[in-house]
Amino acid sequence: MNKRDYYEVLGVSKTATDSEIKSAFRKLAKKYHPDVSKEPDAAEKFKEAQEAYAVLSDPNKRSQYDQFGHAAFTNSSGGFSGFEGFDFGDMSDIFDDILGGLGGFGFSSGRSRRSSNRARKGNDVLYRMTIDFEEAVNGCKKDIKLDVTSDCPECNGKGGFNSKTCSECHGSGTITTEQRTMFGSFLSRTTCPYCKGSGTTFEKKCNSCKGTGKVRENKTITVNIPAGIDTDNRLRVAGKGEAGTNGGSPGDLYIEFTVRDHDFYERDEDDIYVRVPLTITDAILGCKKEVPTLDGNVTLTIPAGTQSGDKLRLKGRGITNVSTKKRGNMYVVCNVVIPSKLNRDQKKLVEQLSKTGLDNSPEFKRYNKYL
């Protein structure tokens, strides 16, 4: 059978460097590997490229090929023997690129082994907490109970004792198998089932964690809740989440808050509102009114002629912003209360008052114009 020139197969010159030969094969392998390519002749082209690389990447075989051509690798029966003595492990980084992206095909590469060995941060934990209005305004401390995974104290999170190199994958974390088909030989790489890709095993598995390195643990932690927390705010507590992997740091705890409503104060972000009841005479004549604030009672001057719904501002008497630490304002909403029942003396006084021309104000005149 006529074979194409190996340099032609890889698309390189006869003076190509080792890195150029490797780069050329990498491109062809990515293009024609049967697990990647959908071209009908991909298997044959991949086998041809693999055969060419097997020879040209080996200095001794390349020298023989340059001197004798394909005849250097033809055995007595006329068959090709160019793969004899070739170490497929030399292709490991190339197949990392090809097979590393084939998670859906059940392949794993050296890259996935490195990924499985690297330190990874643990999962974060979300905890929902409901607190009272006063606790949110002033800040407080709370003890909370968590059920999280932690590093096993028995084996320090390793899963066993007296680690050693895996005898099946020899520490690589992967097992490479050669598949022979009618189109030639192909490599498949899978995660080592004995060490789960870590490259190491233990002489003795930890009984406490069953070899996982993790145990479930009930923890009670004290959390400092800052002043100003509001509903839907989240507080991050670093390092109080799930345990990390391979020595990675633990995840974080996130506390999401719900603040109970208050029966007197109404909150709007950092501002608060209170409704203060006024009598008719308080509103007409004005008065001094004692108003409860977050910092204690203050005396507020209600101006004469105050209308129901008027708002008076007390600057800096609101809630401390949890981020900026600046305080919002307090707004006093005046609520003029009209009595539903009057005694005889009150009724007589109001009747006398009504005869004094209270309906001569501009508001009444504007209204009467349209009657």
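These lines cover the structure that appears in this document, whether it is placed above or below.

Overview of the overall build of the chain
Part 1 of the argument: Looking only at helices and strands, the chain features ten helices and 15 strands.
Part 2 of the argument: Counting over 371 residues, the chain shows a buried share of 35%.
Part 3 of the argument: For the chain, long-range pairs separated by at least 24 residues make up 65% of all intrachain contacts whose partners lie at least 6 apart in sequence.
Part 4 of the argument: For the chain, the exposed surface amounts to about 22900 Å²; the carbon and sulfur share of it is 47%.

Looking at the side chain of Asp 252
Part 1 of the argument: Within the element layout of this structure, Asp 252 appears in the loop between strand S8 (234-237) and strand S9 (253-259).
Part 2 of the argument: At 3.0 Å, the side chain of Asp 252 forms a polar contact with the side chain of Lys 121.
Part 3 of the argument: In this structure, Asp 252 is in contact with Lys 121, Asn 123, Asp 124, Val 125, Arg 236, Val 237, Ala 238, Gly 239, Lys 240 and Gly 241, ignoring residues within four places of it in sequence.

Structural notes on the sheet that holds strand S10 (residues 266-268)
Part 1 of the argument: Read across the open sheet, the four strands follow the order S10-S11-S15-S14; overall the sheet is mixed. Edge positions in the sheet fall to S10 and strand S14 (311-314), since each of these pairs with one other strand and no more. Across the sheet, the mean angle from the axis of one strand to that of its neighbour is 30°, orientation sign disregarded.
Part 2 of the argument: Two strands pair when backbone bridges link them, and strand S11 (residues 271-278) and strand S15 (residues 330-336) are joined in this way by seven bridges, in the parallel orientation. Each bridged residue has a counterpart across the sheet, and for Pro 277 the counterpart in S15 is Asn 335.

What to know about the pattern of salt bridges
Part 1 of the argument: Per the counting criterion, the structure on display carries 19 salt bridges.
Part 2 of the argument: The closest approach of N and O atoms between Arg 216 and Asp 147, which form a salt bridge, is 3.7 Å. Placement of the pair is Arg 216 in strand S7 (residues 214-225) and Asp 147 in strand S2 (residues 140-151), with a sequence separation of 69 residues.
Part 3 of the argument: In this structure, a network of salt bridges that share partners links the residues Lys 3, Lys 47 and Glu 51.

Reading the values: the criteria
Residues numbered from 1 in each chain as written. Predicted model: local features only at pLDDT ≥ 70, side-chain atom pairs only at ≥ 80, totals over all residues. Heavy atoms only, no water. Helix = DSSP H or I, 4+ residues; strand = E, 2+ residues; numbered from the N terminus. Buried < 20%, exposed > 50% of the residue type's maximum accessible area, 1.4 Å probe, protein only. Contact = heavy atoms within 4.5 Å. Areas by Shrake-Rupley, 256 points an atom, 1.4 Å probe, with all protein chains shown as cover. Polar contact = N/O pair within 3.5 Å; in protein donor to acceptor, adjacent residues only side chain to side chain. Pairing = 2+ DSSP bridges. Axes fitted to C-alpha atoms, helices over the stretch in contact; angles between N-to-C directions. Salt bridge = Lys/Arg side-chain N within 4 Å of Asp/Glu carboxyl O.

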